[in-house]
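Fold and contact review
Read off the chains here:
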Amino acid sequence: MSDQSEQRKRASIYDVANRAGVSHMTVSRVLNGHPNIRGATRDRVQAAITELGYLPSSAARALATSRTMRLGVIVNAASEYGPSRTVLAIERAARPRGYTLLVHSRPVSDESAEAEAALELAGLGAEAICAIGPGQSTLEGSGLSDLGMPVTVTGVAEGRTNYNSVFIDQEEGAALAVSRLVSLGHRRIAHISGPNTAVEARLREQTWRTETAAFELSPVVLHGDWSSEFGYYVGQNPEMLGDSTAVFCANDQMALGLIHGLSTRGIRVPGDISVMGFDDRPGSKHFMPPLTTFSQNFDGLGSEFGDLTLR
């Protein structure tokens, strides 16, 4: 092991204080962003930290400030693009503020797991909770507020939940999808929705129903599970879409699976039927054919979450 590596391993707050010529309490104040530190002193401490490769102990900081700087995140359907991208967006907002994430994933079908996950995260020292794609029972209930910490949910507008909320306008995207397909001449537009337990899926489906009714179209809706396998299954079975000439899918995964399934029956997209997705997952424009989809501003959502919750 090199001398530099050994030095990094041995460095403590007292080593930093000695190198900078200040007390260890001054070093602690600099680390915690205390405002009453002279610029020259702060610069000396920061230089000593860099030179020694000092890494502050999160445990020590928690003891000194009575804060853990941990954010609990409960994520529904974590393996799907939208939820996983939301986690990354929140992490980008949290890290510059000094927070680390504690992530707990739950199955799409198990809404009761959210309350248990929140209790577990609270026990691990989370100072706030974010629920990504929470179940309807969580939105309508007040159980998470009993934890005595800030709780924010994503995916649903403020006023439709008992908690703070950050959201992307699901209704606008779904309305634009129907409007676009109608403008292309389609009158038989099917919808492959996500699961009923997912708030975003319910909002997209409700808007799709409202918009198709406004155009006096006959609705055909299939409830999926976000997966490409479900889309593929629908595409392979001609009776499921009936005589629909266009399909609006609630996410890109199901849309891509649908296109694959349709191709096994010799049905061309968009030549024989139009398919739209939702999310604009990376690489969607490079599929054959390129996927028509709607982009969600996940970075903006993460930034808004940081401004609302991590103060």
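Okay, the sheet that holds strand 4 (residues 151–154) next. With parallel pairing, the five strands of this open sheet are ordered in space as 2-1-3-4-5. Since the sheet does not close on itself, it has two edges, and those belong to strand 2 (100–106) and strand 5 (164–166), each with one partner. Across the sheet, the axes of successive neighbouring strands diverge by a mean angle of 25°, strand direction being ignored. As paired strands, strand 1 (residues 70–76) and strand 2 are joined by seven bridges and run parallel to one another.

In a structure, side chains of opposite charge can pair up when their charged atoms sit close to one another. Applying the stated rule across the entire model yields seven salt bridges. A salt bridge links E51 to R19; the shortest N-O distance between them is 2.4 Å. Placement of E51 in helix 4 (residues 39–52) and of R19 in helix 2 (residues 13–20) is noted, with a sequence separation of 32 residues between them. Overall, R19 belongs to the partly exposed group, its relative accessible area being 41%. When the shortest N-O distance is used, the salt bridge between E205 and R209 registers 3.0 Å. You can see E205 and its partner R209 sitting in helix 10 (residues 199–214), four residues apart, about one turn around the helix. For R209, a relative accessible area of 35% corresponds to the partly exposed category.

So, on to helix 13 (residues 252–263). Since the α-helix packs 3.6 residues into each turn, any two residues three or four apart lie on the same face. Its 12 residues place the ends of helix 13 17 Å apart at the C-alpha level, agreeing with the 16 Å of an ideal helix rising 1.5 Å per residue. Counting buried positions along helix 13 gives 10 out of 12 residues, so the element sits mostly inside the fold. Burial in helix 13 covers these residues: D252, Q253, M254, A255, L256, G257, L258, I259, G261 and L262. Buried residues in helix 13 make contact with strand 6 (189–193), helix 11 (228–236), helix 12 (238–241), strand 8 (246–249) and strand 9 (274–276).

In contact at an axis separation of 8 Å, helix 6 (residues 81–94) and helix 14 (residues 298–309) are set at 45° when each is read in the N-to-C sense. It follows that helix 6 is oblique to helix 14 by the angle criterion. For the crossing formed where helix 6 meets helix 14, the hand is right-handed. Taken together, the residues of helix 14 that come into contact with helix 6 (itself represented by Y81, G82, R85, T86, A89, I90, R92 and A93) are F298, D299, L301, G302, S303, F305 and G306. Of the residues assigned to the contact of helix 6 with helix 14, the class counts are seven nonpolar, five polar and three charged.

Once that is clear, we can look at the packing of helix 9 (residues 170–183) against helix 10. Angle between the axes and distance between the axes: these two values describe a pair of packed helices. One way to put it is that helix 9 packs onto helix 10 with a least axis distance of 8 Å and a crossing angle of 40°. By the angle between their axes, helix 9 is oblique relative to helix 10. Seen from above, helix 9 lies across helix 10 with right-handed handedness. Residues Q170, E171, A174, A175 and V178 of helix 9 form the contact with helix 10, whose own contacting residues are E200, L203, R204, T207, W208, E211 and T212.

With respect to topology, four strands assemble into an open sheet ordered 7-6-8-9, the strand pairing being parallel. On the outer flanks of this sheet lie strand 7 (220–223) and strand 9, each paired with one strand and no other. Averaged over all pairs of adjacent strands, the angle between strand axes in this sheet comes to 15°, irrespective of strand direction. Of the strands in this sheet, strand 6, strand 7 and strand 8 touch helix 10, which is tilted by about 165° from strand 6.

It is worth spelling out the side chain of H186 at this point. Here H186 lies in the loop between helix 9 and strand 6. Side-chain polar atoms of H186 contact the side chain of T245, separated by 2.8 Å. H186 has contacts with L181, T245, A246 and S274, leaving out every residue within four places of it along the chain.

Reading the values: rules and limits
Residues numbered from 1 in each chain as written. Predicted model: local features only at pLDDT ≥ 70, side-chain atom pairs only at ≥ 80, totals over all residues. Heavy atoms only, no water. Pairing = 2+ DSSP bridges. Helix = DSSP H or I, 4+ residues; strand = E, 2+ residues; numbered from the N terminus. Axes fitted to C-alpha atoms, helices over the stretch in contact; angles between N-to-C directions. Salt bridge = Lys/Arg side-chain N within 4 Å of Asp/Glu carboxyl O. Buried < 20%, exposed > 50% of the residue type's maximum accessible area, 1.4 Å probe, protein only. Expected span 1.5 Å × (residues − 1). Contact = heavy atoms within 4.5 Å. Parallel < 35°, antiparallel > 145°, perpendicular 65-115°, else oblique. Left-handed = near helix turned anticlockwise from the far one by under 90°. Nonpolar A, V, L, I, M, F, W, Y, C, P; charged D, E, K, R; others polar. Polar contact = N/O pair within 3.5 Å; in protein donor to acceptor, adjacent residues only side chain to side chain.

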